[in-house]
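Reading the structure
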Amino acid sequence: MNIVLTERLRTAAELVRCSRKTVDVGTDHGYLPAFLVMGGITDNVTAADIGKGPLENAEKTIAKYSLEGKIDTCLSDGLEKISHDTQEIIICGMGGTLIAEILGKAEWIKHEEIHLILQPMTHSYDVRKFLSENGFYIDTEKFCTDTGRDYVVISAFYNGKDNSRDDFYYYFGDVVTGKSESELGYIKKQIYYIKSRYEGLMMSHNFAEAKPFADVLDGVKGKWSELL
Ligand SMILES: C[S@@+](CC[C@H](N)C(=O)[O-])C[C@H]1O[C@@H](n2cnc3c(N)ncnc32)[C@H](O)[C@@H]1O
């Protein structure tokens, strides 16, 4: 028996490597840790959250499914209180800016053995940019559709190199259209955001600020003109 996860969390769970010490940052109800343990992926998970209420919810889930001893809870702002021997770090359901901020405060995650699984609700640009400019590389991205919205889940490792790329990459990653409806939906959402920013800045005569958006739109024209 296992609990049923949302498509968004299930997509993230599929990326978790087996039998490793794992943390779910911002766990809320602790459904993802419960799913990982009950599915036999790992029996060593920390369900972490900044809020006492969410952790109480997680404790209820742990008790309901008798998962004590396999999942512990931790009141922590981001990765602040998380044990440094953790190898799988999951952060789902937060904005990309906050995810980047949390990662930026934890120098100890700069280690080849550590795997990051990140599911930004918005601003995936900030996550890719942070990773690329801080010695991490993205090995894969997965897409899903959950209650009508399209999401990306980013998987990354540290290699200590300067992996910086251009804005086009930070907005879209290495995606190729047509692979799946979710992927296409995600690309369309990104294009809509870039176009809105560009048009807003042009209307207020902020031409210098609008230029980077114009450059990304040129890239879109070259690759996916049918989506413009
Ligand atoms: C929208 S819920 C997401 C729950 C679950 N991870 C998911 O994706 O469905 C966001 C959770 O992140 C927690 N959170 C927000 N900021 C945090 C931080 N800096 N450190 C840890 N948890 C945080 C909130 O308390 C909340 O429980």
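Residues numbered from 1 in each chain as written. Predicted model: local features only at pLDDT ≥ 70, side-chain atom pairs only at ≥ 80, totals over all residues.

Moving on, we get to the overall build of the protein chain. Along its length, the protein chain carries eight helices and seven strands. Its C-alpha radius of gyration of 19 Å places the protein chain within 12% of the 17 Å reference for a compact globule of 228 residues. Principal axes of the C-alpha set define a box for the protein chain whose edges measure 55 × 35 × 30 Å. The proportion of buried residues among the 228 residues of the protein chain is 38%. Of all intrachain contacts in the protein chain linking residues separated by at least 6 positions in sequence, the fraction that spans at least 24 positions is 65%. (Helix = DSSP H or I, 4+ residues; strand = E, 2+ residues; numbered from the N terminus. Rg over C-alpha atoms; globule rule 2.2 N^0.38 Å. Buried ≥ 20, exposed ≤ 12 C-beta atoms within 10 Å, placed from the backbone. Contact = placed C-beta atoms within 7 Å.)

Let us now look at the site of the ligand. Lining the immediate environment of the ligand, one finds 15 residues, of which G26, D28, I50, C92 and G93 sit closest. Looking at the shell around the ligand, the element that brings in the most residues is strand β4 (residues 88–94), giving three residues. Here the shell around the ligand is composed, by residue class, of seven nonpolar, five polar and three charged. (Near = placed C-beta within 6 Å. Nonpolar A, V, L, I, M, F, W, Y, C, P; charged D, E, K, R; others polar.)

A word on the domain arrangement of the protein chain. By the assigned domains, the protein chain splits into domain 1 (7–164) and domain 2 (181–227). Using C-alpha coordinates to define each centre, domain 1 is positioned 29 Å away from domain 2. Of the residues lining the interface, five residues belong to domain 1; the matching set on domain 2 comes to six residues. Elements that contribute at least two residues to the side of domain 1 that touches domain 2 include exactly β6 (136–146) and β7 (149–158). Per-element accounting of the side of domain 1 that touches domain 2 gives the leading share, three residues, to β6. Among the residues making up the side of domain 1 that touches domain 2, the classes are represented as three nonpolar, one polar and one charged. (Domains from an automatic or database assignment.)

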